[in-house]
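# Architecture at a glance
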Amino acid sequence: MAEPTVPDARAERESLPSHIQGELRRLDRRIEKGDPLWPAQLAVGLAIALNLTLSAKLVLGPKWLIPMVEGLLLVTLIVMAPQRASDLLGHPRRRQLRGLLFTILGLVTLTYLVSLGLLVHYLVTGGQVGGRPLIGSGVVLWVTNVLLFSVIYWELDRGGPLRRFEPSRTWPDFQFPQMENPQFTPKGKEWQPTFLDYLYMSVTNATAFSPTDTMPLTQVAKVVMGIQGTAAIVTVGLVVARAVNILG
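Residues numbered from 1 in each chain as written. Predicted model: local features only at pLDDT ≥ 70, side-chain atom pairs only at ≥ 80, totals over all residues. Heavy atoms only, no water.

## Focus: the pattern of salt bridges
Taken as a whole and judged by the stated rule, the model has 1 salt bridge. Across the pair Glu155 and Arg98 runs a salt bridge, and its minimum N-O distance is 2.3 Å. One end of the pair, Glu155, is in helix α6 (residues 131-156); the other, Arg98, is in helix α5 (residues 94-124), with 57 residues separating them in the sequence. (Salt bridge = Lys/Arg side-chain N within 4 Å of Asp/Glu carboxyl O. Helix = DSSP H or I, 4+ residues; strand = E, 2+ residues; numbered from the N terminus.)

## Observations regarding a nonpolar patch on the surface
Residues Leu52, Trp64, Leu65, Met68, Val69 and Leu72 make up a contiguous nonpolar surface patch of roughly 560 Å² in combined accessible area. Tracing the chain through its elements places Leu65 in helix α4 (residues 65-80). (Patch = residues over 30% accessible without salt bridge, like charges linked within 9 Å, V, L, I, M, F, W, Y side chains within 5 Å. Areas by Shrake-Rupley, 256 points an atom, 1.4 Å probe, with all protein chains shown as cover.)

## Remarks on the packing of α4 against α5
At a closest axis distance of 10 Å, the pairing of α4 and α5 adopts a crossing angle of 155°. Viewed along their axes, α4 and α5 adopt a mutual orientation that is roughly antiparallel. At the point where α4 passes α5, the crossing takes the left-handed sense. Where α4 approaches α5, its residues Ile66, Val69, Glu70, Leu73, Leu74, Thr76, Leu77 and Met80 are matched on the opposing element by Leu97, Leu100, Leu101, Ile104, Leu107, Val108 and Thr111. (Axes fitted to C-alpha atoms, helices over the stretch in contact; angles between N-to-C directions. Parallel < 35°, antiparallel > 145°, perpendicular 65-115°, else oblique. Left-handed = near helix turned anticlockwise from the far one by under 90°. Contact = heavy atoms within 4.5 Å.)

## Here's the deal with unusual backbone geometry
Backbone geometry places Arg158, a non-glycine residue, at a positive phi of 60°. Residue placement: Arg158 occurs in the loop between α6 and α7 (161-165). Positive phi, close to 60°, is recorded for Phe209, a residue that is not glycine. Turning to its location among the elements, Phe209 is positioned in the loop between α9 (195-208) and β2 (215-216). For Phe209, a relative accessible area of 33% corresponds to the partly exposed category. (Buried < 20%, exposed > 50% of the residue type's maximum accessible area, 1.4 Å probe, protein only.)

## A closer look at the environment of Ser210
Along the chain, Ser210 turns up in the loop between α9 and β2. Look at Ser210 and you get partly exposed, because its relative accessible area is 31%. In this structure the C-alpha to C-alpha distance between Ser210 and Met225, which are 15 residues apart in sequence, comes to 7.5 Å.

## A word on the nonpolar core
Within the largest apolar cluster, 42 residues are counted, with the highest numbers of intra-cluster contacts made by Leu77, Val151, Tyr153, Trp154 and Phe174. Counting only elements with at least two residues in this core, the list comes to α3 (38-51), α4, α5, α6, α9 and α10 (219-247). What Trp154 contacts, discounting residues up to four positions off in sequence, is Asp35, Pro36, Leu37, Ala40, Leu101, Gly160, Pro161, Arg164, Phe195 and Tyr198. (Core = buried A, V, L, I, M, F, W, Y, C linked by side-chain atoms within 4.5 Å.)

## What to know about the side chain of Thr109
Tracing the backbone shows Thr109 in helix α5. Thr109 gets classed as buried once you look at its relative accessible area, which sits at 15%. Residues in contact with Thr109, not counting those within four places in the same chain, are Leu148 and Ile152.

## Quick look at α3
The terminal C-alpha atoms of α3 lie 20 Å apart, and with 14 residues this matches the ideal 20 Å at 1.5 Å per residue to within 8%. Looking only at α3, the buried set comprises Pro39, Ala40, Gln41, Ala43, Val44, Ala47, Ile48 and Asn51. (Expected span 1.5 Å × (residues − 1).)

## Overview of the packing of aromatic side chains
Overall, the coordinates contain 4 aromatic pairs when judged by the stated rule. Here Phe176 and Tyr198 contribute two aromatic rings whose centre-to-centre distance is 5.5 Å and whose plane-to-plane angle is 85°, an arrangement assigned as edge-to-face. Separated by 22 residues along the polypeptide, Phe176 in the loop between β1 (174-175) and α8 (177-180) and Tyr198 in helix α9 bring together distant segments of the chain. With respect to burial, Phe176 and Tyr198 carry one shared label: buried. Through a chain of ring-to-ring contacts, the aromatic side chains of Phe149, Tyr153 and Phe174 assemble into a single cluster. (Phe/Tyr/Trp six-rings, centres within 6.5 Å; stacked < 30°, edge-to-face > 60°.)

What follows is the structure, encoded as structure tokens:
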């Protein structure tokens, strides 16, 4: 059977629903230029900002100090980094930029875990913390969990956005549904996950406390997903449930 000509392929694409056409255009740009870096930067920025909404009892030192340091590091990364993964090819500070991202992620993640530990401490020891502040803090910590791990998954899979853009493909760390069901992907194109796919995976893992439609393939991916699920169980199962019990 003959392959469809370019006009036929264009007509077939234009007959698709508008949201599918939009996804195909974004896929074309990712194949040509690589992942944009701003979604991950935005997610980290939101996680830093959320830390400012926690109770002063759940942070170490002045409430503004650690977020200010994290914010300054993030601004430095945004100024130094290019807009897309393709611009990182041959970049003289490529390794330094990735190291700075991991430094920011490590600091924000450590801050999150400390706040979660302090919140659990106040609950277990019977500290004077009201139910409503606990519910608010539990929601903030859960959202922070989702944002942080979505960036970690985005940076972990196949070695990060730059390695995914390079012609030599490495083994994937995660198996998305489109990878095992190629009939649901555009013909003639290799489907690639976007940051939104990693964010959705993070949401489902933090909600179900286990993988749902996307499976971890490597041991590191399994450990990271296990850590996220455990932290989410602590947040939802212990913190929020206890807060609701106090209100009741």
